[in-house]
Amino acid sequence: ETGNKQEYPNPLRAIFDDLAPLLFESEPSTRYPQEFSGVKGFDILNDPLSALMVTSSVPDPVIGLTTQRRYRPTVQGEMGLATHMNLLVDASGSMGTDMMVYGHAKDGTPLGGVDVATIAAGLMVAQCEIAKDTFSVFEFERYANTVWEGPSGDHKGFLDYIFADYTDNSRPFAPKGGTNLYAGLKYCYEQLESYEFDQTVTCIIIDATDTSWEGQIGKYDP
């Protein structure tokens, strides 16, 4: 009662801070900007009006048709391909400490799969920050949902979010339900349909003990 209150750091954040210096100081990832490379025929039923070359609204006197700008990807630099990372994390019941303990934090806290996944997710997003990649984070158990909406460039905001102090049930990736990787992949790729970028990579953190997940991944990403 006479002592001063001591503030203890989140044990997962402490482990992350120890590991973060090991991240690669990589060059920013290659981007694929679109550059003007020529013209092609313009179909008013299928092509965006923004692509129409106004000067050719009357058919071009040389090639004889209404034309539009044509763009193609151009590579800049040699390092990196991904401009966006999707992170899909297993939030099934087996990720809890009551199912498997993977080690202990410095304060003796047992680390379950959810703790290892949280630290790994933090490191992967921190690597995205170094490469100037955007990211989004999803979790799956019986169902899937969004943990951090993307494409996001708020890397530090995500780290503060996952390393905050939570009760077990409210924490990101809280273990619950089954391991429906199919639902997670389906949900993740459905979210991609509204994104606009050239290259993506999807990373999955899972504690699967068999190889059934290989076929599920292959269905969506051969």
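Notes on the structure follow. (Residues numbered from 1 in each chain as written. Predicted model: local features only at pLDDT ≥ 70, side-chain atom pairs only at ≥ 80, totals over all residues. Heavy atoms only, no water.)

### Brief notes about the nonpolar core
Residues Leu 87, Phe 135, Val 137, Phe 158 and Phe 173 are the most contacted members of the largest nonpolar core, which totals 27 residues. Those elements that place two or more of their residues in this core are helix H1 (11-19), strand E3 (84-90), helix H2 (113-131), strand E6 (134-140), strand E7 (144-152) and helix H3 (155-162). For this core, the leading source of residues is H2, giving eight residues. In this structure, Leu 87 is in contact with Ala 121, Met 124, Ser 136, Val 137, Phe 138, Cys 203 and Ile 205, ignoring residues within four places of it in sequence. (Core = buried A, V, L, I, M, F, W, Y, C linked by side-chain atoms within 4.5 Å. Buried < 20%, exposed > 50% of the residue type's maximum accessible area, 1.4 Å probe, protein only. Helix = DSSP H or I, 4+ residues; strand = E, 2+ residues; numbered from the N terminus. Contact = heavy atoms within 4.5 Å.)

### Let's talk about the packing of aromatic side chains
Inspection of the entire model under this criterion finds five aromatic pairs. Taking the centre distance of 5.8 Å and the plane angle of 80° together, the rings of Phe 138 and Tyr 187 count as edge-to-face. With Phe 138 in strand E6 and Tyr 187 in helix H4 (residues 181-192), this residue pair connects regions lying 49 residues apart in the sequence. The class for Phe 138 is buried, based on a relative accessible area of 1%. Residue Tyr 187 is classed as partly exposed on the basis of its relative accessible area of 22%. Ring plane angle 75° and centroid distance 5.6 Å describe the contact between Trp 148 and Phe 158, whose orientation is recorded as edge-to-face. Placement of the pair is Trp 148 in strand E7 and Phe 158 in helix H3, with a sequence separation of 10 residues. Across this residue pair, the class does not change: Trp 148 and Phe 158 are buried. (Phe/Tyr/Trp six-rings, centres within 6.5 Å; stacked < 30°, edge-to-face > 60°.)

### A word on the packing of H2 against H3
Between two packed helices, both the angle of their axes relative to each other and the distance between the axes serve to describe the pair. Relative to each other, H2 and H3 sit at 170°, their axes nearing to 9 Å. In terms of axis orientation, H2 runs roughly antiparallel to H3. For the pair formed by H2 and H3, the contact residues are Thr 118, Ala 121, Gly 122, Val 125, Cys 128 and Glu 129 on the first element and His 155, Lys 156, Phe 158, Leu 159 and Ile 162 on the second. Its residues assigned to classes, the contact of H2 with H3 comprises six nonpolar, three polar and two charged. (Axes fitted to C-alpha atoms, helices over the stretch in contact; angles between N-to-C directions. Parallel < 35°, antiparallel > 145°, perpendicular 65-115°, else oblique. Nonpolar A, V, L, I, M, F, W, Y, C, P; charged D, E, K, R; others polar.)

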